[in-house]
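Commentary on secondary and tertiary structure
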Amino acid sequence: ASVMAMGVLLIITLPMQLSTQLGITALFAVLHGMAHGLELHTQSNFLAFLGMLIATALLHTSGVILGSHQIKIRKWLQHGLACIMLLAGAYWLVVA
């Protein structure tokens, strides 16, 4: 559900202050991380934990690289990716 909510926020592109954007992103990150933490807690599989750790590191690294180079994403690309997030979140919510 957090992926869907983030997708909706990206689609509607509400104008808001940077501090508000950071706060919302941090809230989603904590809630999303808690959900994955509960998933990992039910599994005692080291490879699942390692995979989650590697995926998280790659996502954070790509975010830092994109942010540090101030890469501007065109609106149509942002909306397209947001729609993919929304649909993927809905799929995972229904299937899982």
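Remember, it's a predicted structure, so these values are computed and weren't measured experimentally.

Parameters and conventions
- Residues numbered from 1 in each chain as written.
- Predicted model: local features only at pLDDT ≥ 70, side-chain atom pairs only at ≥ 80, totals over all residues.
- Heavy atoms only, no water.
- Helix = DSSP H or I, 4+ residues; strand = E, 2+ residues; numbered from the N terminus.
- Buried < 20%, exposed > 50% of the residue type's maximum accessible area, 1.4 Å probe, protein only.
- Contact = heavy atoms within 4.5 Å.
- Areas by Shrake-Rupley, 256 points an atom, 1.4 Å probe, with all protein chains shown as cover.
- pLDDT = per-residue confidence, 0-100.
- Patch = residues over 30% accessible without salt bridge, like charges linked within 9 Å, V, L, I, M, F, W, Y side chains within 5 Å.
- Salt bridge = Lys/Arg side-chain N within 4 Å of Asp/Glu carboxyl O.

1. Regarding the overall build of the chain
Scanning the chain from N- to C-terminus turns up four helices and zero strands. Tracing the chain from N to C terminus, the helices and strands come up as α-α-α-α. With respect to the three principal axes, the spread of C-alpha positions in the chain is 40 × 30 × 25 Å. When the 96 residues of the chain are sorted by exposure, 7% land in the buried category. At a minimum sequence separation of 6, the contacts of the chain that also span at least 24 residues come to 72%. Total accessible area on the chain stands at roughly 7700 Å², and carbon and sulfur atoms take up 76% of it.

2. Section: the confidence of the model for the chain
For the chain, per-residue confidence averages 79 on the pLDDT scale, and 91% of positions sit at 70 or higher. Element-level pLDDT for the chain is lowest in helix α1 (residues 2-12), with a mean of 74, against a maximum mean of 82 in helix α2 (residues 18-42).

3. Quick notes on a nonpolar patch on the surface
There is a patch of nonpolar side chains on the surface, built from F46, L47, F49, L50, L53, I54 and L58 and spanning about 730 Å² of accessible area. Note on placement: F49 falls in helix α3 (residues 46-68).

4. A few points about the environment of A55
Topologically, A55 is positioned in helix α3. Through-space distance from the C-alpha of A55 to that of T20 is 26 Å; in sequence the pair is 35 residues apart.

5. Focus: the environment of H36
Its place among the elements puts H36 in helix α2. Overall, the relative accessible area of 24% leaves H36 in the partly exposed class. As a C-alpha pair, H36 and W76 span 40 residues in sequence and 30 Å in three-dimensional space.

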